[in-house]
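# Descriptive analysis of the structure
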Amino acid sequence: MSKDRAKKIPTPQPVRGTQDMLGDFADRFQHVVDTFDRVRRLYGFKRVEVPVIEPTAVFARSLGETTDVVSKEMYSFEDRGGESITLRPEFTAGIARAYISNGWQQFAPLKVATHGPLFRYERPQKGRYRQFHQLDAEVLGSDSPLADAELLVLADQLLKELGIAEGVTLTLNTLGDAESREAWRAALVEHFTVHRGELSEDSLARLDKNPLRILDSKDPRDRPIADSAPDIDAFLTGAAQDFFGAVTAGLDAAGVAWERNARLVRGLDYYRHTAFEFVTDRLGAQGTVLGGGRYDGLIEALGGPPTAAVGWAAGIERLAMLLADNAVDTRLDAVIAVEDDAMFDLAMRGLRLLRDNRVSADIVATGSPRKRFDKAAKIGARALISISLRDGAPFTNAKTDGSEAAARAEALFRSIG
RNA sequence: GCGAUCGUAGCUCAGUUGGUUAGAGCACCGGUUUGUGGUACCGGGGGUCGUGGGUUCAAGUCCCAUCGGUCGCCCCA
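Residues numbered from 1 in each chain as written. Chains lettered and ligands numbered in written order. Predicted model: local features only at pLDDT ≥ 70, side-chain atom pairs only at ≥ 80, totals over all residues. Heavy atoms only, no water.

Next up on the list: a nonpolar patch on the surface. A cluster of nonpolar residues, Val52, Ile53 and Phe77, forms a patch on the protein surface that exposes about 240 Å² of accessible area. Note on placement: Phe77 falls in strand E3 (residues 75–78). Owing to a relative accessible area of 38%, Phe77 belongs among the partly exposed residues under this scheme. (Patch = residues over 30% accessible without salt bridge, like charges linked within 9 Å, V, L, I, M, F, W, Y side chains within 5 Å. Areas by Shrake-Rupley, 256 points an atom, 1.4 Å probe, with all protein chains shown as cover. Salt bridge = Lys/Arg side-chain N within 4 Å of Asp/Glu carboxyl O. Helix = DSSP H or I, 4+ residues; strand = E, 2+ residues; numbered from the N terminus. Buried < 20%, exposed > 50% of the residue type's maximum accessible area, 1.4 Å probe, protein only.)

What follows is the structure, encoded as structure tokens:
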């Protein structure tokens with residue numbers, strides 16, 4: 001350690017919006033992933049892996065007209081060959097591309113699930129990072145409302161098994177088929193145009209770029225106009241009505257609670273029919289915990305055959321933040337305090353024996369011998385085993401929390417004599 | 001891109017209307033006359049107060065700039 005500041009090497013700063021995780025939060029993160037992996041198997045969803053990097057066109061084309069997102073929110077760069085590459089900002093487009101590239105039509109309807117890091121060039125805030133992580137589930141090649149319902153039942157079960165279903169609400173809407181959607185959109189534009197004098201500046205801009213988005217504006221000036229805007233219901237075709245009815249009937253039959261939110265919309269044109277979000281008020285401004293919908297137009301927009309598909313994604317960080325404090329138990333079964341260095345070999349034999357028998361254990365054998373007991377106690381294992389030399393003979397003492405695991409650890413350790 | 005707020009020890013934070021050598025807890029290291037206890041007690045090391053300017057007899061404290069963090073807006077695939 002040099003005290004010469006002139007020679008001090010400056011530590012590179014982490015990239016904005018990235019995070020390092022240690023211990024508890026990393027364990028909670030992994031618990032979410034493990035639970036998802038277990039539940040998705042129950043529903044017969046296959047594991048799928050797609051690249052973190054794709055040609056920019058994969059996302060630019062799927063996102064279509066929303067130039068703001070493409071130009072400002074994507075992590076894009078040129079590789080050495082001059083090709084524009086983008087770090088995936090979502091799973092869906094990459095999976096759709098893979099579906100086409102590999103001819104997975106042959107497996108339709110295909111139920112797949114994945115999870116991993118995603119990247120968006122955004123200003124970080126609570127529950128929102130530049131590198132973040134999602135769970136993802138998709139059903140490709142099915143135009144059945146049963147697929148929508150099954151995905152929602154899967155989501156519902158996931159949240160219940162994570163123990164966070166309390167305080168999280170499934171909100172549901174339909175965007176109808178292409179015909180319904182166009183009619184509704186035209187009616188909304190007309191409604192907002194009539195009231196354009198009362199809209200916020202932001203919503204005036206939305207009126208040109210993305211009129212549906214005015215419906216979920218947070219600006220109080222917009223609320224009366226948004227709330228009095230027509231619902232899509234009057235514009236739904238018979239087929240679109242039937243589709244939505246079948247989805248909700250499926251949810252009811254499976255015992256999934258839901259609420260209609262006629263203001264829930266999607267900005268992108270390829271969305272059809274079902275749109276949904278599981279929301280909570282426990283995460284500040286970023287209240288969506290899991291969201292998705294039907295995107296029957298996407299695969300075609302990527303140059304594939306017309307293919308119906310539906311899916312959702314959920315933020316792992318956000319789910320991990322909602323877990324109860326005691327959701328993940330990382331306590332060790334045993335910790336061994338070596339209070340005399342002459343006992344080190346004995347302690348190591350015991351440690352190995354415990355671990356061989358699936359008993360999690362650690363050892364404290366460094367620093368001042370008389371402090372090792374305290375150090376070990378602070379680790380908070382189920383059993384605290386101390387080993388010292390007393391009257392020239394090894395002496396083992398154990399304090400346990402009364403649990404079976406602790407008793408087993410003590411018995412095993414004492415068995416080495 | 002915009003706004004608010006915060007940057008003091010490895011970590012979490014005190015630090016009064018500007019006024020001596022900048023403090024605490026945790027962590028780390030050492031000590032506390034062989035002990036079924038000791039998650040304790042005592043001591044020690046560690047800080048050019050984010051960085052750069054400015055105001056002042058005097059700046060952690062006030063002003064400006066800059067770089068970061070946090071929260072919100074825009075956007076949200």
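With that settled, the discussion passes to the packing of aromatic side chains. Evaluated as defined, the whole model comprises three aromatic pairs. Geometry around Tyr121 places Arg130 over its ring, the cationic atom sitting 3.9 Å from the centre. The ring centre of Tyr271 lies 5.8 Å from the NZ or CZ of Arg266, which sits over that ring. (Phe/Tyr/Trp six-rings, centres within 6.5 Å; stacked < 30°, edge-to-face > 60°. Lys NZ or Arg CZ within 6 Å of the ring centre and 35° of its normal.)

Before going further, it helps to spend a moment on unusual backbone geometry. With an omega dihedral of -5°, the bond running from Ala108 to Pro109 counts as a cis peptide bond. Looking at the element boundaries, Pro109 is found in the loop between helix H4 (92–101) and strand E5 (110–119). The backbone phi angle of His273 is positive, close to 55°, even though this residue is not glycine. Relative to the helices and strands, His273 resides in strand E9 (residues 272–279). If you check the backbone angles, Arg358 has positive phi at about 65° while not being a glycine.

Among the seven residues in strand E11 (residues 309–315), seven count as buried, and that is most of the element. The alternating pattern of E11 places Ala309, Gly311, Ala313 and Gly315 on one face and Val310, Trp312 and Ala314 on the opposite face, and all of these are buried. Of the strand pairs in this sheet, strand E6 (residues 131–140) and E11 are connected by seven bridges, and their pairing is antiparallel. Of the residues in E11, the one forming a bridge with Gln134 is Gly315. Where strand E10 (residues 288–294) and E11 come together, five bridges link them in antiparallel fashion. Across the sheet, Gly292 pairs through a bridge with Trp312, a residue of E11. (Pairing = 2+ DSSP bridges.)

The antiparallel open sheet is built from three strands, whose spatial order is E2-E4-E3. In the strand order of this sheet, the two ends are held by strand E2 (53–55) and E3, each with one partner. For this sheet, the mean angle separating the axes of adjacent strands, direction not counted, is 35°. Pairing of E3 with strand E4 (residues 84–87), which is carried by four bridges, proceeds in the antiparallel orientation. Within E4, the position partnered with Glu78 by the bridge is Ser84. In the packing of helix H2 (residues 56–63) onto the sheet, the strands contacted are E2, E3 and E4, and the crossing angle to E2 comes to about 70°. (Axes fitted to C-alpha atoms, helices over the stretch in contact; angles between N-to-C directions. Contact = heavy atoms within 4.5 Å.)

Moving on: the pattern of salt bridges. When the charged atoms of two side chains with opposite charge come close together, those side chains can pair. Per the stated rule, a full pass over the model turns up 26 salt bridges. Linking Arg41 and Asp37 is a salt bridge whose minimum nitrogen-to-oxygen distance equals 3.3 Å. Taken as a pair, Arg41 and Asp37 lie in helix H1 (residues 24–42) at a separation of four residues, close to a single helical turn. Residue Arg41 is classed as exposed on the basis of its relative accessible area of 54%. Its relative accessible area of 19% is what places Asp37 among the buried residues. For Arg221, the salt bridge is made with Asp219, and the minimal N-O distance between the two is 2.8 Å. Since its relative accessible area comes to 43%, Arg221 is described here as partly exposed. Taken together, the salt bridges that share partners define one network made up of Asp329, Arg331, Asp333, Arg382 and Asp401.

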